[in-house]
Amino acid sequence: MSEKILVIGASGQIGSELTMGLRKIYGDSHVIASDIREGSSELMNSGTFEFVDATNKEQIEQIVQKHTIEVVYLMAAMLSGAAEKNPEKAWDLNMTSLFHVLNLAKEGVIKRIFWPSSIAIFGNSTPKQMTGQQTITEPSTVYGISKLTGERWCDYYMSNFNVDVRSIRYPGIISWKTMPGGGTTDYAVEIYHKAIIEGKYECFLSENSRLPMMFMEDAIKATIDLMKASNINNYIAYNVGAVDFTPKEIVKEIKKHLPEFEVSYVPDFRQKIADSWPQSIDDNAAKRDWNWEHTFDLETMTSEMLTRLNEKYAKS
Ligand code: SER
C-alpha cells in the first residue's frame, strides 16, 4: 500500500495541480488536500479536503494524525511581489510553516517532506546566464531571503536530525488551470488570458526582461520524480531549467496564433525583482542525479495554453 500524503497549500497554483497529479498516481484516498481556502471543484470533489492554516502547528499535527500521513508537500507560500508588500507576514508564513513540518519530521511523526525553493534565492551578484547549482546567493527580496533561509534550515535538519527533505528551485510556472498569486513571473500567465479575453495586455515587466520559466506539467513531473528518486543526497534544493524568454518573445509566439494581439509595457516595482534574478538556469545536477528532463518549450507551451484557455472560456 502506498504512503499517505498531505498537500498543504493545495488550493494554490502549483498545489492544486500537484494534488491532482499525486491522486492520479497514488489514488484519491491516499492524497489529502489542505489549505486555508477552498480550491477548485475538481480538487474539492476528487478526494478529502481539510482546512488548515499552515502557520498553526496543532492544526497540521491533528490532520497528520487523523489521516496517518507520512509524506508532506508544503506548498503554502507568499510569492515575491506580494512579499515585498507584506514582509513580516511573508516571513511568518514562509518560515513558520516550514519549521512546523521540519519539526514533525524530526519528531518522527512524518517521514518525508517536499518544500519548494525558487530562483529568487539568487540575486544581483549571481551570474545571470546558465546560473549554476552552487553559485553566489545574495537575494535582495523578502521572498528570496525566506527561500534561501529555508534551504539552509532544510540542510540543517537533514544533517543534524536525518530529516528527508527535498526541494526544487522553481522558475516561473505557467499553467492554465489556476492563476498564480503575487509573483514576478505572473505576467507570463496573465498574458495568455488577456490575449484571449481582451486581445490586449499591459505588461508589468519591460519587453527585454528574460526569465527562466516552466510549463506546469513539467513542474509537476519534476516534483514527483524528485520525491520518488533514491540517491539524491548531493543537494537539498535542485536547479531545474526548462525555457527562458522575454515578454517580447512570448508576445511574438502568441501573435502566431492571434496576430491582432497588442501589448504595451509599463514596468512596476516587480521590474527590480526580475532584474535581480537569473536569465537562464544550469540544471545539470538534476539531470545527472535524478534524470530531470523538461518537455515543453515556448512554442508547445503557447499552443497548449491558448487551446486550453480557449476551451475554458468557451464553456464559461
Ligand atoms: N514565480 C515566483 C515569483 O515570481 C518565483 O518563484 O515570485
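1. Some details on the pairing of strand S2 (residues 31-35)
Piece 1. The buried count for S2 comes to five of five residues, which makes it a mostly enclosed element.
Piece 2. The two faces of S2 match: Val-31, Ala-33 and Asp-35 on one face and Ile-32 and Ser-34 on the other face are all buried.
Piece 3. Strand direction decides the pairing type here: strand S1 (residues 5-8) and S2, joined by four bridges, are parallel. Following the sheet pairing, Val-7 is matched in S2 by Ala-33.
Piece 4. Note that the unit made of S1, helix H1 (residues 13-26) and S2 has a crossover that is right-handed.
Piece 5. When S2 meets strand S3 (residues 49-51), the two strands line up parallel, connected through three bridges. Residue pairing for S3: Ser-34 is matched across the bridge by Glu-50.

2. A look at the environment of Leu-211
Piece 1. Tracing the sequence through the fold places Leu-211 in strand S10 (residues 211-215).
Piece 2. For Leu-211, a relative accessible area of 0% translates into the label buried.
Piece 3. Remark: the alpha-carbon pair of Leu-211 and Val-109, spanning 102 residues in sequence, is separated by 39 Å.
Piece 4. Sequence-distant contacts of Leu-211, defined by excluding residues within four places in its chain, comprise Thr-185, Leu-205, Val-243, Asp-244, Phe-245, Ala-274, Trp-277, Pro-278 and Gln-279.

3. A look at a nonpolar patch on the surface
Piece 1. A contiguous nonpolar surface patch, about 270 Å² in accessible area, is contributed by Trp-153, Tyr-156 and Phe-161.
Piece 2. Tracing the sequence through the fold places Phe-161 in helix H6 (residues 142-161).

4. What to know about the site of the ligand
Piece 1. Around the ligand, the structure places Leu-79, Ser-80, Ser-118, Tyr-143, Tyr-170, Gly-183, Thr-184, Thr-185 and Trp-277.
Piece 2. Here an oxygen atom of the ligand sits 2.7 Å away from a polar atom, N or O, in the side chain of Ser-118.
Piece 3. Taking 240 Å² as the accessible area of the ligand by itself, protein coverage stands at 94%.
Piece 4. Classifying every residue of the shell around the ligand by side-chain character gives four nonpolar, five polar and no charged.

5. Focus: the sheet that holds strand S12 (residues 243-245)
Piece 1. Pairing in this open sheet of three strands is mixed, and the strands run S8-S10-S12 from one edge to the other. Each having just a single partner strand, strand S8 (172-174) and S12 make up the two edges of the open sheet. In this sheet, neighbouring strand axes are inclined to one another by 40 degrees on average, regardless of whether the strands run parallel or antiparallel.
Piece 2. Taken together, the three bridges between S8 and S10 define a ladder with parallel strand orientation. From the neighbouring strand, Gly-172 faces S10, where its bridge partner is Met-213.
Piece 3. Sheet strands in contact with helix H7 (residues 187-197) are S8, S10 and S12, and its direction is about 25 degrees off that of S8.

The rules behind these values
- Residues numbered from 1 in each chain as written.
- Predicted model: local features only at pLDDT ≥ 70, side-chain atom pairs only at ≥ 80, totals over all residues.
- Heavy atoms only, no water.
- Buried < 20%, exposed > 50% of the residue type's maximum accessible area, 1.4 Å probe, protein only.
- Helix = DSSP H or I, 4+ residues; strand = E, 2+ residues; numbered from the N terminus.
- Pairing = 2+ DSSP bridges.
- Right-handed = clockwise from strand over helix to strand, strands pointing away.
- Contact = heavy atoms within 4.5 Å.
- Patch = residues over 30% accessible without salt bridge, like charges linked within 9 Å, V, L, I, M, F, W, Y side chains within 5 Å.
- Areas by Shrake-Rupley, 256 points an atom, 1.4 Å probe, with all protein chains shown as cover.
- Salt bridge = Lys/Arg side-chain N within 4 Å of Asp/Glu carboxyl O.
- Near = heavy atom within 4 Å.
- Polar contact = N/O pair within 3.5 Å; in protein donor to acceptor, adjacent residues only side chain to side chain.
- Nonpolar A, V, L, I, M, F, W, Y, C, P; charged D, E, K, R; others polar.
- Axes fitted to C-alpha atoms, helices over the stretch in contact; angles between N-to-C directions.

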